[in-house]
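This is what each chain is made of:
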Amino acid sequence: MEMLSGSWDYAQFKAAFYQKTGLDLDCYKDRQMERRIRQLMQRERKPDFHLFYQYLADSPPAMEYFFNYLTINTSEFFRDEKVYARLKEEIFPELLKNYPESLTVWSAGCSIGAEPYTVAIILDSLKVLDRAQIIATDMDDKALLTAQKGCYDLKYVQKTPEEHIHRYFDREGEKYCLKTEIKKKVIFKRHNLLVDAPVSGCLMILCRNVFIYFKAETQDFLLERFSRVLKPGGILVIGSAEYISNPGKFGFFKRYNTIYQKKTGSL
Ligand SMILES: C[S@@+](CC[C@H](N)C(=O)[O-])C[C@H]1O[C@@H](n2cnc3c(N)ncnc32)[C@H](O)[C@@H]1O
């Protein structure tokens, strides 16, 4: 097979990697992703995509490291304070008025858990956490492990209001560890957004700082899926550096920057 010999270009690497792992790098912005992979190849002294692929294929630890390297896990509690303030003061109370029975929130691409735990803290401070189901998914096992532990360095909680630090965290040495009452409310699952079935019956989906890595076609694919699983009037929250150019195509309208709402007429 020609693909298995000689030097490869990035397209050949992507094809072989997809066959081996099921992760389609073609869904991510090429220039950004290729540059990142080339940086690692240089560090590992594997100057060619074919050599690099063989190195990964022959070594499960190297493959695991590569997978974790691909995923950019930057996150923190109360990232974008204004957005969370709006969710707390306006959006959640409104959703709960329209759907008083239960509230399913999906944090899609949750990384180390700061985002879904922030939602849990907000819902608890609104005294409605018992009515909520918070599902948090990511494809990165290492990040999910950190999320499940729920203990963080100071830099991750710096934007958290002081009263929440006292109320929801315990200090363990240098770490800030979430109290069990919050931790037990978030269900973490390994999930690939491009492959696995979306969480159904959501009233809110947070997919923040994830879209930015995907090509336009992949973003459209996800928007269509998110719209399908959101209840009418449900909310999609994206990152501050992200933008949906044609929300109407997917049954959304823009409520605020980063906050989109599914039209009540669209099922
Ligand atoms: C920059 S973090 C964003 C974390 C959090 N949403 C926030 O805004 O703070 C991006 C996350 O998206 C995840 N991700 C990237 N591609 C994914 C995919 N195909 N399926 C699931 N998660 C993915 C990465 O593993 C990473 O944890």
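Residues numbered from 1 in each chain as written. Predicted model: local features only at pLDDT ≥ 70, side-chain atom pairs only at ≥ 80, totals over all residues.

Turning next to helix H5 (residues 81–98). Given a rise of 1.5 Å per residue, 18 residues ought to cover 26 Å, and the 25 Å separating the end C-alpha atoms of H5 matches this to within 8%. The largest bend along H5 reaches roughly 45° and is located at leucine 87. (Helix = DSSP H or I, 4+ residues; strand = E, 2+ residues; numbered from the N terminus. Expected span 1.5 Å × (residues − 1). Bend = angle between axes of the 7 residues up to and from the residue.)

Glancing now at the pairing of strand E8 (residues 230–237). Pairing of strand E7 (residues 202–206) with E8 involves four bridges; the strand directions are parallel. By the bridge assignment for E8, leucine 206 is matched with valine 237. Read as a crossover between parallel neighbours, the route from E7 over helix H11 (residues 216–229) to E8 is right-handed. Bridging between E8 and strand E10 (residues 259–262) involves three bridges; their strand directions are antiparallel. If you follow leucine 236 over to E10, its bridge partner there is tyrosine 260. (Pairing = 2+ DSSP bridges. Right-handed = clockwise from strand over helix to strand, strands pointing away.)

In this section: the packing of helix H1 (residues 10–21) against helix H3 (residues 49–58). Packed helices, taken two at a time, are described by the angle between their axes plus the distance between the axes. Direction vectors running N to C along H1 and H3 enclose 15°, while the axes themselves pass 9 Å from each other. Here H1 is positioned roughly parallel relative to H3, judged by the angle of their axes. Taken as a pair, H1 and H3 cross one another with a handedness that is right-handed. Contacts between H1 and H3 involve Tyr10, Gln12, Phe13, Ala16, Phe17 and Lys20 on the former and, on the latter, Phe49, Tyr53 and Ala57. Grouping the amino acids of the contact of H1 with H3 by side-chain chemistry returns seven nonpolar, one polar and one charged. (Axes fitted to C-alpha atoms, helices over the stretch in contact; angles between N-to-C directions. Parallel < 35°, antiparallel > 145°, perpendicular 65-115°, else oblique. Left-handed = near helix turned anticlockwise from the far one by under 90°. Contact = placed C-beta atoms within 7 Å. Nonpolar A, V, L, I, M, F, W, Y, C, P; charged D, E, K, R; others polar.)

Bringing the sheet that holds strand E4 (residues 169–172) into the picture now. Sheets are built from strands that pair by backbone hydrogen bonding, the pairs being arranged parallel or antiparallel. If you trace the three strands from one edge of the open sheet to the other, you get E3-E5-E4, paired in antiparallel fashion. Two strands in the sheet have a free side with no partner beyond their single neighbour: strand E3 (151–152) and E4. Judged from the four bridges that link them, E4 and strand E5 (residues 175–178) form a sheet pairing that is antiparallel. Its bridge partner lying in E5, phenylalanine 169 is registered against leucine 178.

A separate point is the domain arrangement of the protein chain. If you check the domain split of the protein chain, you get domain 1 (2–70) and domain 2 (81–262). Class assignment of the residues belonging to the side of domain 1 that touches domain 2 gives a composition of three nonpolar, three polar and two charged. (Domains from an automatic or database assignment.)

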